[in-house]
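# Secondary and tertiary structure notes
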Amino acid sequence: IVGGDLLYRPPVIQPLLAVLTALCGPRTQVLLAASMQHSPETLRLFAAAAAESGFDGVLISPSEQHPGFASDEVHIIRLRRARGRGRRANTAAAKQSNRRCVAFA
């Protein structure tokens, strides 16, 4: 699943996570491109909400991207369902996942 410019304000977070939760299986990967110019806080809120919803997320660093397209302003996030977790994460697992996920915000 690929998406861009979806995280521009906080009210979009829960609907986006609802769609991702419905569409993602255990092997699905999600790539989201998010501009830090619009709302860095929205990205931080999304990271926490994604972890709470059972996703592991990592920021793909600009050095891992094609040099002609990499940008410090646009973050690319890769999400996957956390292994061995259901639709809702338990609190301890969510906190551990949140530490990894918030790192991309």
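Residues numbered from 1 in each chain as written. Predicted model: local features only at pLDDT ≥ 70, side-chain atom pairs only at ≥ 80, totals over all residues. Heavy atoms only, no water.

Turning our attention to the nonpolar core. Judged by nonpolar contacts, the single largest core of 17 residues is most densely connected at L17, L20, F46, F55 and L79. When contributions to this core are tallied by element, the ones reaching two or more residues are α1 (13-23), β2 (29-35), α2 (40-52) and β4 (74-81). Dropping the residues within four chain positions of it, L17 is found in contact with F46, A49, A50, S53 and F55. (Core = buried A, V, L, I, M, F, W, Y, C linked by side-chain atoms within 4.5 Å. Buried < 20%, exposed > 50% of the residue type's maximum accessible area, 1.4 Å probe, protein only. Helix = DSSP H or I, 4+ residues; strand = E, 2+ residues; numbered from the N terminus. Contact = heavy atoms within 4.5 Å.)

Taking every second residue as pointing to the same face, the buried face of β4 carries H75, I77, L79 and R81, while none of V74, I76, R78 and R80 on the other face is buried. Here seven bridges tie β2 to β4, and the two strands are oriented antiparallel to one another. Bridge pairing in β4 places S35 opposite V74. With six bridges connecting them, strand β3 (residues 55-60) and β4 associate as antiparallel partners. In the strand pairing of β4, I60 is matched with I76. (Pairing = 2+ DSSP bridges.)

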